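Geometric and topological summary
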Amino acid sequence: MEFVYNALPARVIFGSGTRETVKDELARLGIKRALVLSTADQSSTGAQFAAMIEDRLGAVYPGAVMHTPVDVTESAMLQMRQMDCDGILAVGGGSTIGLGKAIAYRTDLPQVVVPTTYAGSEMTPILGQTEKGLKTTLRSEKVLPETVIYDPELTKTLPDFISGPSGMNAIAHAVEALYAEDRNPIISMMAEASIKALGEALPPLMKDGSDMEAREKALYGAWLAGACLGSVGMAIHHKICHTLGGTFDLNHANVHSLMIAYSTAYNRDDAPEAMAAIARALGTDDAAGGLYDLLQSVGQVTSLKEMGLSEADLDKASELAVQNPYYNPRPVTKDGVREMLQAAFEGRRPTVS
Ligand code: NAD
């Protein structure tokens, strides 16, 4: 056994009602004038937090949008400077958290983050930003939030069409962590626990979004999945999802949600320990089959055909996917990827070879 494990520093507070600790957590970091961030959709949640932190409020900026455009970051920073803010309070999903990270990258201000989806960005030192339509990604510990408050009550309002794919997206991070090139025993334990928690939580949650036991379990699994994504490298699944998402402008979470069963099947014979861990977590004897079954009960789309792709698009995607491939346990070949995409196109159960 040989590995390198780098623990990422973060203070995590988990539990229903923990949002009430937010003012104390700002004080703990010495933040006297917080910039409260949210999307426009969640502006009322942002306003509730602004009221909760009372005299530690500096300004409110409810303008976060998807993909962290640099001009939005600059406009939020203008407000931050005008109101002399000395810290960030981001309340929301990956888009809002991305804006907080982008400001922290430029200013090194401390961040308290309150995630309300399962995307997991709060646990990673990764920042993706867009400028003039181009997305770039960087890694820096400056962007890693100091404090994360997970309050499952805030996820009760998350609609099904976000809960299911966002949860499956989190599972995809945990699955790939299990066969990552730089995997290690701690992250593998977290990954298995994440898949188990999300696998148990998502089906009941899709039936009843106010099931608090399921909401707690899902957010717990999402925390673990975010920690996996922040710690180890990703493989074929992320490469193929970026290729499909970027080239054909497909919904990010839906592509992840659909493809993870097929990416797992691709690696079936080359990552036996990972397959065993995934199968154990899902209570099945076939990892890819278990993920496929989960998709049928929680996914919004169950084939690439349904997402509007053609067979010619699959040829193009398999060509692109083999350019600058990421590490993957099984070599990434054009024919192999094309075969995997065909099965996903048809929404076929990934067969046992
Ligand atoms: P999001 O933050 O865009 O949220 C989707 C929508 O749901 C928004 O309109 C938001 O206002 C709303 N919403 C969020 N929480 C809600 C709740 N509890 N109730 C009701 N509505 C709610 O989506 P996301 O999937 O959380 O994040 C996606 C973004 O995060 C992408 O840009 C992605 O690239 C990024 N991301 C980054 C990392 C990283 O490590 N840097 C990791 C994962 C995702």
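Since the model is a prediction, treat every value here as computed from it, not as a measurement. (Residues numbered from 1 in each chain as written. Predicted model: local features only at pLDDT ≥ 70, side-chain atom pairs only at ≥ 80, totals over all residues. Heavy atoms only, no water.)

**Considerations on the domain arrangement of the chain**
Domain assignment breaks the chain into domain 1 (11-155) and domain 2 (160-346). Here the C-alpha centre of domain 2 lies 27 Å away from the C-alpha centre of domain 1. Taken residue by residue, the interface counts 17 residues in domain 1 and 18 residues in domain 2. Summing both partners gives a buried area of about 1,500 Å² for domain 1 against domain 2, and 69% of it is carried by carbon and sulfur. Three residues, Phe14, Tyr118 and Met123, lead the burial of domain 1 against domain 2; their summed loss comes to 43% of the area buried on that side. Counting across the domain 1 and domain 2 interface gives 0 salt bridges. (Domains from an automatic or database assignment. Contact = heavy atoms within 4.5 Å. Buried area = accessible area lost by both parts, 1.4 Å probe. Salt bridge = Lys/Arg side-chain N within 4 Å of Asp/Glu carboxyl O.)

**Comments concerning the site of the ligand**
Lining the immediate surroundings of the ligand are 22 residues, of which Thr39, Ser95, Thr116, Thr117 and Thr124 lie closest. At 2.8 Å, a side-chain N or O of Asp41 approaches an oxygen atom of the ligand. A distance of 2.6 Å separates an oxygen atom of the ligand from a polar side-chain atom of Ser95. Within the complex, 82% of the 860 Å² of free accessible area of the ligand lies under protein. Element by element, the count of residues in the shell around the ligand is highest for helix α4 (residues 94-107), at 3 residues. (Near = heavy atom within 4 Å. Polar contact = N/O pair within 3.5 Å; in protein donor to acceptor, adjacent residues only side chain to side chain. Areas by Shrake-Rupley, 256 points an atom, 1.4 Å probe, with all protein chains shown as cover. Helix = DSSP H or I, 4+ residues; strand = E, 2+ residues; numbered from the N terminus.)

**Brief notes about the pattern of salt bridges**
Here the structure, examined in full by the defined rule, presents 14 salt bridges. A salt bridge links Lys23 to Glu54; its shortest N-O distance comes to 2.8 Å. In this pair, Lys23 sits in helix α1 (residues 22-28) while Glu54 sits in the loop between α2 (43-52) and β3 (57-64), placing the two residues 31 residues apart along the sequence. Judged by relative accessible area, which is 52%, Glu54 ranks as exposed. (Buried < 20%, exposed > 50% of the residue type's maximum accessible area, 1.4 Å probe, protein only.)

**Topic: helix α13 (residues 334-346)**
Note on helix geometry: an α-helix contains 3.6 residues per turn, so any two residues three or four positions apart are oriented the same way. Between its first and last C-alpha atoms α13 spans 18 Å; for 13 residues at 1.5 Å apiece the expected length is 18 Å, and the two agree. Buried residues of α13: Gly336, Val337, Arg338, Met340, Leu341, Gln342, Ala343, Ala344 and Phe345, and no others. The first or second residue beyond α13 is Gly347, which carries a positive phi of 70°. (Expected span 1.5 Å × (residues − 1).)

**A short note on the packing of helix α6 (residues 185-207) against helix α11 (residues 287-298)**
Two numbers describe how α6 lies on α11: the axes approach to 9 Å, and their chain directions differ by 20°. The orientation of α6 relative to α11 falls into the category roughly parallel. Crossing hand, α6 versus α11: left-handed. Along its contact with α6, which presents Gly199, Leu202, Pro203 and Met206, the element α11 presents Leu294, Ser297 and Val298. Residues of the contact of α6 with α11, tallied by class, amount to 5 nonpolar, 2 polar and no charged. (Axes fitted to C-alpha atoms, helices over the stretch in contact; angles between N-to-C directions. Parallel < 35°, antiparallel > 145°, perpendicular 65-115°, else oblique. Left-handed = near helix turned anticlockwise from the far one by under 90°. Nonpolar A, V, L, I, M, F, W, Y, C, P; charged D, E, K, R; others polar.)

**Examining helix α5 (residues 160-178)**
Compared with an ideal rise of 1.5 Å per residue, which puts 19 residues at 27 Å, α5 spans 27 Å between its outermost C-alpha atoms and is within 8% of the ideal. Burial analysis of α5 places 16 of its 19 residues in the buried class, which makes it a mostly covered element.

**What about the sheet that holds strand β8 (residues 147-150)?**
Taken in spatial order, the 6 strands of this open sheet run β1-β8-β5-β4-β2-β3, and their pairing is parallel. Two strands close off the open sheet at either side, each with one partner strand: β1 (11-14) and β3. Going from strand to strand, the sheet's axes swing by 15° on average, the running direction of each strand aside. Taken together, the 4 bridges between strand β2 (residues 34-39) and strand β4 (residues 87-92) define a ladder with parallel strand orientation. Directly across from Leu37, in β4, lies its bridge partner Ala90. Against the sheet, helix α3 (residues 70-82) contacts β2 and β3, and its axis sits at roughly 165° relative to β3. Across the sheet, α4 touches β2, β3, β4 and β5 (111-115), and the angle it forms with β4 is around 165°. (Pairing = 2+ DSSP bridges.)

**So, the pairing of strand β6 (residues 126-131)**
Where β6 and strand β7 (residues 134-139) come together, 6 bridges link them in antiparallel fashion. For Ile126, the partnering residue across the bridge sits in β7 and is Arg139. If you look at the hairpin formed by β6 and β7, you'll find 2 residues sitting between the two strands, and Lys132 has a positive phi there, around 50°.

**Quick word on the packing of aromatic side chains**
This structure, assessed with the given rule, holds 3 aromatic pairs. Where Phe14 meets Tyr220, the ring centres are 6.3 Å apart and the plane angle is 85°; that geometry is what we call edge-to-face. Here Phe14, found in strand β1, pairs with Tyr220, found in helix α7 (residues 212-231); they are 206 residues apart in sequence, far enough to count as distant. Residue Tyr220 is classed as partly exposed on the basis of its relative accessible area of 35%. Residues Tyr220 and Trp223 carry aromatic rings whose centres are separated by 6.0 Å and whose planes lie at 55° to one another, so their mutual orientation is tilted. Remark: Trp223 and Tyr220 occur in helix α7; sequence separation between them is 3 residues, near one turn of the helix. Take Trp223: its relative accessible area is 21%, and that puts it in the partly exposed class. An aromatic cluster is built from Phe14, Tyr150, Tyr220 and Trp223, whose rings are joined through pairwise contacts. (Phe/Tyr/Trp six-rings, centres within 6.5 Å; stacked < 30°, edge-to-face > 60°.)

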